[in-house]
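Structural overview
Now for the letters of each chain:
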Amino acid sequence: MHTFCSRKWMLKKRPFTLMHCYIEFAKYPKWQTRELETSLKKQKKTIDGSPGTATNDPSDASSVRTDATSIHTDALEHEKRPDGVKKDKRGKADENACKLSLETVWAAKQEKDEIKEAARNARYAQQFELRKEEIALRKKEDVRNEREDARRQFELDERVMLIDTSGMTDVQKQFYQAKQNEILARGVE
């Protein structure tokens, strides 16, 4: 729509007054491809529109093309036209928005990971403290059980040591004397 040789100029039959602009812009690829596109459209119209050469056979239309136009057509197919200012700005905005959204998603993920890690560390610390308390309670219980066992053993040893052997048989006396000797030997150690 914004070509240098637009239809408005042709329809009004006025001379093209912006040639200095055309010369300046013709250097840039965006305007070169546009010029080629318009010239190809004109050629296609003249090929298809001429009454003597109009056929439905595509081989005739391709034979009418010159080597120069086919080279330009190939160049147009392979060349990507540069973006205009508006599209370039929009592309940058989309790219920035995508980058920002990616950064916010990444930051949110990292924040969640940090929260999970902190919760995991808190659970581990709590479990560690509970284990320490459990071990301390077991040690206290073991000490209490050892004291209880030592008290019971003392009571049993006391009974054996204080037993009256005067009314016992000789075998019973020997048994209790051996036990008393055993208790005395343990106490010396």
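No experiment lies behind these values; they were computed from the predicted model shown.

1. What about the overall build of the protein chain?
Within the protein chain one finds 7 helices and 0 strands. Reading the protein chain from its N terminus to its C terminus gives the helix and strand order α-α-α-α-α-α-α. Taking all 189 residues of the protein chain together, the buried fraction comes to 8%. By sequence separation, contacts in the protein chain at least 24 residues apart represent 48% of the contacts at least 6 residues apart. Surface exposure of the protein chain reaches about 16800 Å², of which carbon and sulfur atoms provide 57%.

2. Focus: the pattern of salt bridges
Evaluation of the coordinates by the stated rule reveals 9 salt bridges. A salt bridge links Arg152 to Glu148, with the nearest nitrogen and oxygen atoms 3.7 Å apart. Linking Arg152 with Glu148, this pair stays in helix 6 (residues 85-162), spanning 4 residues, or about one helical turn. The class of Arg152 is partly exposed, set by a relative accessible area of 46%. With a relative accessible area of 28%, Glu148 lands in the partly exposed category. Among the salt bridges present, the one from Glu155 reaches Arg151, with a minimum N-O distance of 2.6 Å. One end of the pair, Glu155, and the other, Arg151, are both in helix 6, 4 residues apart, so they sit about a helical turn from each other. The exposure class of Glu155 is partly exposed, given its relative accessible area of 37%.

3. Regarding a nonpolar patch on the surface
Residues Met161, Leu162 and Leu184 make up a contiguous nonpolar surface patch of roughly 300 Å² in combined accessible area. Mapped onto the elements, Leu184 comes out in helix 7 (residues 170-188).

4. Considerations on the side chain of Gln180
Along the chain, the position of Gln180 falls in helix 7. Not counting the four nearest positions on each side in its chain, Gln180 is found in contact with Val160, Met161 and Ile163.

5. Let's talk about the side chain of Asp157
On the secondary structure map, Asp157 appears in helix 6. For Asp157, the residues in contact, after removing those within four places along its chain, are Ile183 and Arg186.

6. Section: the confidence of the model for the protein chain
This prediction gives the protein chain a mean pLDDT of 77; 63% of its residues lie at or above 70. Within the model, pLDDT remains below 50 along residues 58-65, and this stretch shows 4 contacts once partners closer than five positions in the same chain are excluded.

Definitions and limits used
Residues numbered from 1 in each chain as written. Predicted model: local features only at pLDDT ≥ 70, side-chain atom pairs only at ≥ 80, totals over all residues. Heavy atoms only, no water. Helix = DSSP H or I, 4+ residues; strand = E, 2+ residues; numbered from the N terminus. Buried < 20%, exposed > 50% of the residue type's maximum accessible area, 1.4 Å probe, protein only. Contact = heavy atoms within 4.5 Å. Areas by Shrake-Rupley, 256 points an atom, 1.4 Å probe, with all protein chains shown as cover. Salt bridge = Lys/Arg side-chain N within 4 Å of Asp/Glu carboxyl O. Patch = residues over 30% accessible without salt bridge, like charges linked within 9 Å, V, L, I, M, F, W, Y side chains within 5 Å. pLDDT = per-residue confidence, 0-100.

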